[in-house]
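Single-letter residue listing:
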Amino acid sequence: MRLPCVNKGGLQSVIRLDRPALLETEMALPPDAVRALSFWSARPGTILTIVDNRDGAYRARLVNDERVVPFRKLGSKNLAAVPLVLYQALPDKERFELVLQKSVELGVRRIVPFVSLRSTTLEERDARQRKSHRWPDVVLRAAKQCRRPDIPELAPVMNFTDVLDEARRWDRALMLYEGDTSCRLRDALNDLPVSSAALIVGPEGGFEPSEIQRVSGAGIIPVTLGSRILRTETAAIAGVTLAQFFMDELG
């Protein structure tokens with residue numbers, strides 16, 4: 001079942017050839033790739049990352065909405081082997097846009113904003129200046145700039161109950177916690193092979209005790225990044241970076 005998504009992200013956005021890419025050769029896109037291309041809001045002449053039927057990644061120039069010219073092979077297809085999902089409690093002001101940009105750059109597959117007891121709400125954010133409608137465009141621009149072959153999924157703003165329910169889907173679900181826990185992020189990701197992972201980041205001031213109890217009851221592991229207390233956007237960026245590193249997706 002496809003999870004709720006407010007943009008045209010996910011693996012459906014990968015522009016995939018049905019044969020090996022030929023450098024400096026104009027190539028027709030198969031129907032699924034034409035559909036994927038439509039999600040990128042690209043014009044003729046735009047440079048995008050495509051993937052061929054051997055999972056090779058290439059930079060390609062768009063000729064029109066059905067044809068491309070691959071011109072450079074990339075060292076990797078830039079699509080993380082282990083999907084990482086970020087659940088981010090809504091921060092105040094412009095900080096969620098920063099989290100969106102950096103998590104896209106770091107290879108996150110799905111980004112889920114949510115409301116917790118100490119977070120701001122979508123209504124409070126948009127009452128000052130409505131910007132949430134621009135979030136899909138922030139994700140798309142970041143995907144283009146860092147040469148991703150896919151557009152990460154952006155979920156609608158969820159409540160905390162829905163976050164706990166969805167996080168159970170993943171092989172390893174973790175919550176960054178500034179309180180008393182002996183489990184480090186490294187320990188939670190290095191002990192066994194992980195096929196998918198989720199990272200939950202709380203608001204400024206952290207989670208309420210009642211929320212911590214619900215997290216533990218849902219089988220989600222509270223983990224620490226160390227002794228430093230980080231702002232929510234810093235915790236998200238640091239947590240995603242370390243999680244990708246420990247899962248051998250960086251470095």
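Further up the page is the structure itself.
Residues numbered from 1 in each chain as written. Predicted model: local features only at pLDDT ≥ 70, side-chain atom pairs only at ≥ 80, totals over all residues. Heavy atoms only, no water.

Chemist: So what's going on with the nonpolar core? Residues and values would help.
Modeler: Grouped together as the largest cluster of nonpolar side chains are 51 residues, with contacts concentrated most on Ile15, Leu100, Leu185 and Leu189. Ranked by residue count, the leading element in this core is helix α4 (residues 135–145), at six residues. Sequence-distant contacts of Leu100, defined by excluding residues within four places in its chain, comprise Ile111, Trp135, Val138, Val139 and Leu154. Val85, Trp170, Ala173 and Ile212 belong to the second largest nonpolar core, which has 22 residues in total. (Core = buried A, V, L, I, M, F, W, Y, C linked by side-chain atoms within 4.5 Å. Buried < 20%, exposed > 50% of the residue type's maximum accessible area, 1.4 Å probe, protein only. Helix = DSSP H or I, 4+ residues; strand = E, 2+ residues; numbered from the N terminus. Contact = heavy atoms within 4.5 Å.)

Chemist: Give me the lowdown on the sheet that holds strand β4 (residues 67–73), citing residues and values where you can.
Modeler: Read across the sheet, four strands follow the order β1-β4-β3-β2 without closing on themselves; strand pairing throughout is antiparallel. The open sheet has two edge strands, β1 (27–28) and β2 (47–51), and neither has a second partner. Looking at chain direction, β2 and strand β3 (residues 57–64) are connected through five bridges and run antiparallel. Across the sheet, residue Thr49 finds its bridge partner in β3, namely Arg59. (Pairing = 2+ DSSP bridges.)

Chemist: I'd like a description of unusual backbone geometry, backed by residues and values.
Modeler: In this structure, Glu24 takes a positive phi of about 55 degrees despite not being glycine. As for its position among the elements, Glu24 is in the segment before β1. For Ser41, which is not a glycine, the phi torsion comes out positive at approximately 50 degrees. Position of Ser41 among the secondary structure elements: in the loop between α1 (31–38) and β2. The exposed category is assigned to Ser41, whose relative accessible area is 55%.

Chemist: If you had to explain the environment of Ser38 to someone new, which residues and values would you point to?
Modeler: In this structure, Ser38 sits in helix α1. Note on Ser38: relative accessible area 47%, which makes it partly exposed. With 29 residues separating them in the primary sequence, Ser38 and Arg67 have C-alpha atoms 12 Å apart. Looking at Ser38, its side chain comes within polar contact range of the main-chain oxygen of Arg35, at 2.5 Å. (Polar contact = N/O pair within 3.5 Å; in protein donor to acceptor, adjacent residues only side chain to side chain.)

Chemist: Explain the packing of helix α2 (residues 95–105) against helix α8 (residues 232–246) to me, and be specific about the residues and the numbers.
Modeler: Taken N-terminus to C-terminus, the directions of α2 and α8 make an angle of 5 degrees; their axes are 9 Å apart at the nearest point. Classified by the angle between their axes, α2 and α8 sit roughly parallel to one another. Residues Arg95, Leu98, Val99 and Lys102 of α2 lie in contact with α8, whose contacting residues are Thr232, Glu233, Ala236 and Ile237. The residue makeup of the contact of α2 with α8, split by class, is four nonpolar, one polar and three charged. (Axes fitted to C-alpha atoms, helices over the stretch in contact; angles between N-to-C directions. Parallel < 35°, antiparallel > 145°, perpendicular 65-115°, else oblique. Nonpolar A, V, L, I, M, F, W, Y, C, P; charged D, E, K, R; others polar.)

Chemist: Give me the lowdown on the packing of aromatic side chains, citing residues and values where you can.
Modeler: The full count for this structure, using the stated rule, is five aromatic pairs. Aromatic side chains Phe96 and Trp135 sit 4.6 Å apart centroid to centroid with 70 degrees between the ring planes, which places their arrangement in the edge-to-face category. A residue pair is termed long-range when its members are at least 10 positions apart, and Phe96 in helix α2 and Trp135 in helix α4 qualify at 39 residues. Grouping aromatic residues by their ring pairs yields a cluster made of Phe114, Phe160 and Phe207. A cation sits over an aromatic face here: Arg61 above Phe71, 5.0 Å from the ring centre. Above the plane of the ring of Tyr58 lies Lys73, whose end atom (NZ or CZ) is 5.6 Å from the centre. (Phe/Tyr/Trp six-rings, centres within 6.5 Å; stacked < 30°, edge-to-face > 60°. Lys NZ or Arg CZ within 6 Å of the ring centre and 35° of its normal.)

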